[in-house]
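Okay, here's what each chain looks like letter by letter:
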Amino acid sequence: MHRLIFFYLLLCPFFGFGKSQIIMVETESFTDKGGWVLDQQFMDVMGSPYLMAHGLGKPVADASTEIEISREGTYYIYVRTRNWIAPWIEDGAAGKFQVKIGNQTLQKIFGAEAEEWHWSEGGAVELPAGKLSISLQDLTGFNGRCDAIILTDDPEYIPGNSLDELADMRKKFLGISKKRRNAGKFDFVVIGGGMAGTCAAISAARLGVRVALIQNRPVLGGNNSSEVRVHLGARINLEPYPA
């Protein structure tokens, strides 16, 4: 009997028995973003964009995607988020949301803890093997933020939170490489696609200059975009380009 147990322990590393499973899902990769929008303003802090529930006070539609669990069991959930109003309001949170996995909605309310980006523990859930949906359920419509979700059957696992650790996790679990790609040579490079940057880039291009316009948002316009919605005022209805 002892020999059989020893033989089993020898085989475990080779056949995957006992090996912990870690599933990392970055929210920007969700197949259906629902009413959540892609936000890239903290890429220098966290190394990647995230999803934000920009509902102007009205809860937005769920964002969802599908994951695959290789074996059934108890899984421990971590959600990377932050309480964005914490610097100004000590007790309170505007961007609260929940996470649903399969037909189970986690009881934990996310987005109501620390000011800094962090991994918030979501507790343990029993999950079957196979494909499961995972979704973000906005509760407030006031800019809830979610960067990534981790599911693991290892109760001792704690995800890293530094930029280097996150980069290693993306490389290990998602196969994402941070190799740079040469975009070519340009005469004029504009950093920022707000009104000033967009106008400068267009004007230069019309004059025959080879232009690169670098923007870290999904749309152009800065504060005047359909995303931020703080439009230009003052004396804009003047010739030669009224309105």
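Residues numbered from 1 in each chain as written. Predicted model: local features only at pLDDT ≥ 70, side-chain atom pairs only at ≥ 80, totals over all residues. Heavy atoms only, no water.

Trainee: Just checking my understanding: could you explain the overall build of the protein for this structure?
Mentor: Assigned secondary structure in the protein consists of four helices and 12 strands. Looking at the protein residue by residue over its 243 residues, the buried ones come to 36%. Of all intrachain contacts in the protein linking residues separated by at least 6 positions in sequence, the fraction that spans at least 24 positions is 70%. (Helix = DSSP H or I, 4+ residues; strand = E, 2+ residues; numbered from the N terminus. Buried < 20%, exposed > 50% of the residue type's maximum accessible area, 1.4 Å probe, protein only. Contact = heavy atoms within 4.5 Å.)

Trainee: Would you mind showing me how to read unusual backbone geometry here?
Mentor: Residues other than glycine predominantly adopt negative phi, and peptide bonds predominantly adopt the trans conformation. Residue L56 is not a glycine yet carries a positive backbone phi of 50°. By secondary structure assignment, the location of L56 is in the loop between strand 3 (50-54) and strand 4 (63-69). Even without a glycine there, the phi angle at N143 is positive, about 60°.

Trainee: Sorry, what's going on with the side chain of E26 here?
Mentor: Residue position: E26 is located in strand 1 (residues 22-26). In this structure E26 comes out as buried when scored by relative accessible area, which is 6%. Discounting chain neighbours no more than four positions away, the residues touching E26 are S48, D147, A148, R170, L174 and I176.

Trainee: What is the right way to read the pattern of salt bridges from this model?
Mentor: Close approach of charged atoms allows side chains with opposite charge to pair. One pass over the structure, following the stated rule, counts four salt bridges. For R170, the salt bridge is made with E26, and the minimal N-O distance between the two is 2.5 Å. Of the two residues, R170 sits in helix 3 (residues 163-174) while E26 sits in strand 1, which places them 144 residues apart along the sequence. By relative accessible area, R170 is classed as buried at 2%. The shortest N-O distance in the salt bridge between D153 and R71 comes to 2.9 Å. Of this pair, D153 sits in the loop between strand 10 (142-152) and helix 3 while R71 sits in the loop between strand 4 and strand 5 (73-81), placing them 82 residues apart in sequence. With a relative accessible area of 32%, R71 lands in the partly exposed category. (Salt bridge = Lys/Arg side-chain N within 4 Å of Asp/Glu carboxyl O.)

Trainee: Which parts of the structure should I look at to understand the nonpolar core?
Mentor: Side chains that are nonpolar tend, in soluble globular proteins, to be buried together. Counting residues in hydrophobic clusters, the biggest one holds 26 residues, and the most contacted among them are I77, V99, L136, I149 and L151. Contributions of two or more residues to this core are made by strand 1, strand 3, strand 4, strand 5, strand 6 (97-101), strand 8 (118-127), strand 9 (130-138) and strand 10. Excluding residues within four positions of it along the chain, I77 makes contact with I101, L106, S120, E121, G122, G123, V125, I149, I150 and L151. Among the nonpolar cores identified, the runner-up in size contains eight residues, and M24, Y78, I150 and L166 belong to it. (Core = buried A, V, L, I, M, F, W, Y, C linked by side-chain atoms within 4.5 Å.)

Trainee: Honestly, the packing of aromatic side chains in this entry has me stumped. Any pointers?
Mentor: Here a ring pair, both rings aromatic, is described through the centre-centre distance and the interplanar angle of the planes. Counted under the stated rule, the structure contains three aromatic pairs. An aromatic cluster is present here, built from W36, F97 and F110 joined pairwise through their rings. (Phe/Tyr/Trp six-rings, centres within 6.5 Å; stacked < 30°, edge-to-face > 60°.)

Trainee: Any chance you could explain a nonpolar patch on the surface here in plain terms?
Mentor: Together, F186, V189, I191 and I214 give the surface a local cluster of nonpolar side chains, amounting to about 370 Å² of exposed area. Here I214 shows up in strand 12 (residues 211-214). (Patch = residues over 30% accessible without salt bridge, like charges linked within 9 Å, V, L, I, M, F, W, Y side chains within 5 Å. Areas by Shrake-Rupley, 256 points an atom, 1.4 Å probe, with all protein chains shown as cover.)

Trainee: Can you walk me through the pairing of strand 6 in this structure?
Mentor: Moving residue by residue along a regular strand, the side chains alternate between the two faces of the sheet. Within strand 6, four of the five residues are buried, leaving the element largely enclosed by the surrounding structure. Note: strand 6 against strand 9, five bridges, orientation antiparallel. Bridging from a neighbouring strand, Q98 pairs with Q137 of strand 9. In textbook terms, the turn of a hairpin is the stretch between consecutive antiparallel strands, and for strand 6 and strand 7 (residues 104-105) this stretch comprises two residues, one of which, G102, has a positive phi near 65°. (Pairing = 2+ DSSP bridges.)

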